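Topology and contacts: notes
As a plain string of letters, each chain reads:
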Amino acid sequence: LFPSIEPREKGFLQVSKIHSIYWERSGNPIGQKILIIHGGPGGGSQARYRRYFDPKKFDIIQFDQRGCGSSRPFSELKENTTIDLVNDIEKLRENFKIDKWHLFGGSWGSTLSLIYAIRHSSRVLSLTLRGIFLCRKSELLWFYQYGASEIFPDEYEKYISIIPENERGDLMKTFYKYLTSSDIELRSKAASAWTNWELSTSHLIKTEREFRKSNINSFSDAFARIECHYFINKIFLEENYILNNVKIIENIPTKIIQGRYDVVCPVRSAWDLNKRLKNSELIIVDDAGHSMSEKGITIKLLEAVCDLGNI
């Protein structure tokens, strides 16, 4: 990765009556404009993301989506839908007076990048995507109900341990009830279990790590609540929205980096997208899971970003 850098400017943009989103810009102010779209939803941006880009060549833009990171109010579910987030991205572009930009997103970041591109295709120069998530019902059931459970039964047991056996028929529905509960202790336990399940399944080689119990105003509270809020509502869009509208973005150069053993967002989604999206290239990394920190994925992302100079 490139050396660590600090933002050269940062601030907040009021995007609704209740929401203000945090943004920052790093690197070269006259460089190529690239927007990093973080995962989750509810994951927040990270300083490490800046290091995937040559700061001499890129104007690196990050923001925290509604309700997470440094955006305000924290962990808020009201006025928080996919189209709200797409509109926020467009407001950022207009605020910065940028004509067109490159998009870089992984997992939910790939979802939001694709949806923004579909709705604002004339503003997108390229898409660099990782760990494709199309938010189809089958993908949600695979990870949150049954499927990934057979590969990580140890972590799955921890995930469902807070749910009574008679409420496990629809885990997302039950988790949503807990995550929106007025019982702070129950909400905290649910947030920790949900977040730990995702983070513990994100690498090809499982790593032991300490995960602190959630509390209000913690990363896991926003991450779990916002994810579950989106997924229980089918991301507020029709089923298969991206593939149904993929023709709109068929002329946008797109690179897809996908771990072969990605359990969180299985390779099938990347495969289906690549088959339907003209002008896309699928690169499957055979020794990687979901996380962008996997060595093989990091290398391929760096290579893809270097190629943007030719677009």
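Everything that follows concerns the structure shown earlier in this document.
These remarks concern the structure in this document. (Residues numbered from 1 in each chain as written. Predicted model: local features only at pLDDT ≥ 70, side-chain atom pairs only at ≥ 80, totals over all residues. Heavy atoms only, no water.)

1. What to know about the sheet that holds strand β4 (residues 58-63)
- If you trace the eight strands from one edge of the open sheet to the other, you get β1-β2-β4-β3-β5-β6-β7-β8, paired in mixed fashion. Strands at the two margins of the open sheet, each flanked by one partner only, are β1 (9-14) and β8 (280-285). Neighbour to neighbour, the strand axes of the sheet diverge by 20 degrees on average, direction disregarded.
- Pairing between β1 and strand β2 (residues 20-27): six bridges, direction antiparallel. Across the sheet, residue Lys10 finds its bridge partner in β2, namely Glu24. (Pairing = 2+ DSSP bridges. Helix = DSSP H or I, 4+ residues; strand = E, 2+ residues; numbered from the N terminus. Axes fitted to C-alpha atoms, helices over the stretch in contact; angles between N-to-C directions.)

2. Topic: the pairing of strand β3 (residues 32-37)
- Taking burial as the measure, the six residues of β3 include five buried ones, the bulk of the element.
- Sheet topology note: the β3/β4 ladder contains five bridges and is parallel. Within β4, the residue paired with Ile34 across the bridge is Ile60.
- As paired elements, β3 and strand β5 (residues 101-106) share four bridges and run parallel to each other. Looking across to β5, one finds that Ile34 is bridged to His102. (Buried < 20%, exposed > 50% of the residue type's maximum accessible area, 1.4 Å probe, protein only.)

3. Brief notes about helix α7 (residues 219-232)
- Between the first and last C-alpha of α7 there are 20 Å, a value that for 14 residues agrees with the 20 Å anticipated at 1.5 Å per step.
- The buried count for α7 comes to 12 of 14 residues, which makes it a mostly enclosed element.
- Here α7 has its buried residues at Ser220, Asp221, Ala222, Phe223, Ala224, Arg225, Ile226, Glu227, Cys228, His229, Tyr230 and Phe231.
- Along its buried surface, α7 packs onto α1 (82-96), α2 (108-119), α3 (137-144), α5 (171-179) and α6 (184-199). (Expected span 1.5 Å × (residues − 1). Contact = heavy atoms within 4.5 Å.)

4. So, empty space enclosed by the protein
- Counted according to the given criterion, the structure contains two cavities of 30 Å³ or more.
- Here the largest cavity defines a volume of roughly 80 Å³.
- Every residue along the wall of the largest cavity is listed here: Gly40, Ser107, Phe133, Glu139, Leu140, Phe143, Tyr144, Glu198, Glu227, Phe231, Val264 and Cys265.
- Along the lines of polarity and charge, the residues of the lining of the largest cavity split into seven nonpolar, two polar and three charged. (1 Å grid on protein atoms, 1.4 Å probe; cavity = no way out; pocket = protein on both sides within 12 Å on 5 of 7 lines; lining within 4 Å. Points joined across faces, edges and corners; volume = space filled by probe spheres on them. Nonpolar A, V, L, I, M, F, W, Y, C, P; charged D, E, K, R; others polar.)

5. Section: the pairing of β4
- Burial analysis of β4 places six of its six residues in the buried class, which makes it a mostly covered element.
- Side-chain alternation along β4 places Phe58, Ile60 and Gln62 on one buried face and Asp59, Ile61 and Phe63 on a second face that is also buried.
- The pairing of β2 with β4 spans five bridges and is antiparallel. Residue pairing across strands places Glu24 opposite Gln62, the latter belonging to β4.

In short, the description is geometric, and any link to function would need to be established separately.
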